[in-house]
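Residue strings, one per chain:
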Amino acid sequence: MIDSKKGNIMIKNIKYNYFLFNINDLIILMKNNKKLINSFEEIMVNHQHNPNYKIDSLIKQDIKIYPKNVNYFFLYKNNEIISCIRLSHTNNAKSVYFDMIHTNIKYRNQGFCKITLGKLLNLLKNKFKIYNLKVKENNIPAIKCYENFKFFFIKKEKDLCPYCNTNIPWNIMKLKI
C-alpha cells in the first residue's frame, strides 16, 4: 500500500498543490470537497469520452478490481485539477501500472504532464522497480513526455472503447529503475 501524501510545488512562481491518495481518501474527498471532485469528474468525462461518466462508477470499479491497491495523484490549484494519474499495483509488487493519465485541456502543452509525472515518480522512489503505462499511439506529446523519463515502447495493443464502440490503438510503455 502507498501512503497518502499532500504537499505544494512551485511552478513558475505559482504554488500548486499535489495529493497522492487511496480510494478511501477519494471517498472522503467526495463528501468534503465537491469542487475538486467536480473538477476531477469533468476531466474524466473528457478522458473517457463519456458525457455521463460519474466518479461513483470509478470508485465501484476500483473497489471491485483493486480493493486496497489503487491510488490517485492530483496536481491542482484552487480546487481545479491540472493533471491526474491513477496507479494500480498488487501487494508487495515490484511494478505499478499508471493509467487515466490526463492533463486538463486548459493546461496542455505547458509542461504539466512532465511536472506531474516527475513529482509522482519522485514520491514513489524506491517503491517499485517497473512502471507500466499505455498511451494512445497518436498522442505524440504524451509519448515524448514519457520518453523523457526513459519509458520505452514495448508493444502495440488495441482495446474496444465501450463509449464510442471503436478499437483504439495503444502503445504499451515501460520504465525500469
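Let us look at the structure shown here. All of these numbers come straight from a predicted model, not from anything done at the bench.

1. Concerning the overall build of the chain
At step 1: Helices and strands together make up the secondary structure of the chain, namely 5 helices and 8 strands.
At step 2: Scanning the chain from its N terminus toward the C terminus, one meets helices and strands in the order β-β-α-α-α-β-β-β-α-β-α-β-β.
At step 3: Taking 16 Å as the expected radius of gyration for a compact globule of 177 residues, we find that the chain reaches 16 Å, a close match to that expectation.
At step 4: Taking the principal axes of the C-alpha coordinates as reference, the chain spans close to 40 × 35 × 35 Å.
At step 5: Burial statistics for the chain: of 177 residues in total, 47% are counted as buried.
At step 6: Accessible area for the chain stands at about 10100 Å²; split by element, carbon and sulfur atoms hold 50% of it.
At step 7: Once the 30 positive and 12 negative side-chain charges of the chain are each reduced to a mean point, those two points are 6 Å apart.

2. Remarks on the side chain of Asp25
At step 1: One can find Asp25 in helix H1 (residues 23–32).
At step 2: Although buried, Asp25 forms no salt bridge, and the nearest oppositely charged side chain, Lys6, lies 7.8 Å from it.
At step 3: Ignoring anything within four residues of it in the chain, the contact list for Asp25 reads Ser4 and Phe19.

3. So, helix H4 (residues 112–123)
At step 1: For H4, which comprises 12 residues, the first-to-last C-alpha distance of 16 Å matches the rise-based estimate of 16 Å (1.5 Å per residue) to within 8%.
At step 2: Among the residues making up H4, those that are buried are Phe112, Cys113, Thr116, Leu117, Leu120, Leu121 and Leu123. In an axial view of H4, the angular spread of the buried residues amounts to 160°, which keeps them on one side of the axis.

4. Focus on helix H5 (residues 140–148)
At step 1: The complete set of buried residues in H5 reads Ala142, Ile143, Cys145 and Tyr146. Buried residues in H5, looked at end-on, bunch into an arc of 160°, giving them a common side. Every exposed residue of H5 that faces more than 90 degrees away from the buried side is listed here: Pro141, Lys144 and Asn148.
At step 2: Buried-residue contacts for H5 involve strand S5 (95–103), H4, strand S6 (130–136) and strand S8 (167–176).

5. Brief notes about the packing of H1 against helix H2 (residues 34–48)
At step 1: Their axes nearest at 6 Å, the elements H1 and H2 cross at an angle of 115°. The angle between the axes of H1 and H2 places the two elements in the roughly perpendicular class. Contacts between H1 and H2 pair Leu26, Leu29, Met30, Lys31 and Asn32 from the former with Lys34, Leu36, Ile37 and Phe40 from the latter.
At step 2: Broken down by class, the residue content of the contact of H1 with H2 amounts to 6 nonpolar, 1 polar and 2 charged.

Reading guide: rules and limits
- Residues numbered from 1 in each chain as written.
- Predicted model: local features only at pLDDT ≥ 70, side-chain atom pairs only at ≥ 80, totals over all residues.
- Heavy atoms only, no water.
- Helix = DSSP H or I, 4+ residues; strand = E, 2+ residues; numbered from the N terminus.
- Rg over C-alpha atoms; globule rule 2.2 N^0.38 Å.
- Buried < 20%, exposed > 50% of the residue type's maximum accessible area, 1.4 Å probe, protein only.
- Areas by Shrake-Rupley, 256 points an atom, 1.4 Å probe, with all protein chains shown as cover.
- Lys, Arg positive; Asp, Glu negative; His and termini not counted.
- Charge placed at Lys NZ, Arg CZ, Asp CG, Glu CD.
- Salt bridge = Lys/Arg side-chain N within 4 Å of Asp/Glu carboxyl O.
- Contact = heavy atoms within 4.5 Å.
- Expected span 1.5 Å × (residues − 1).
- Arc of directions from axis to C-beta.
- Axes fitted to C-alpha atoms, helices over the stretch in contact; angles between N-to-C directions.
- Parallel < 35°, antiparallel > 145°, perpendicular 65-115°, else oblique.
- Nonpolar A, V, L, I, M, F, W, Y, C, P; charged D, E, K, R; others polar.

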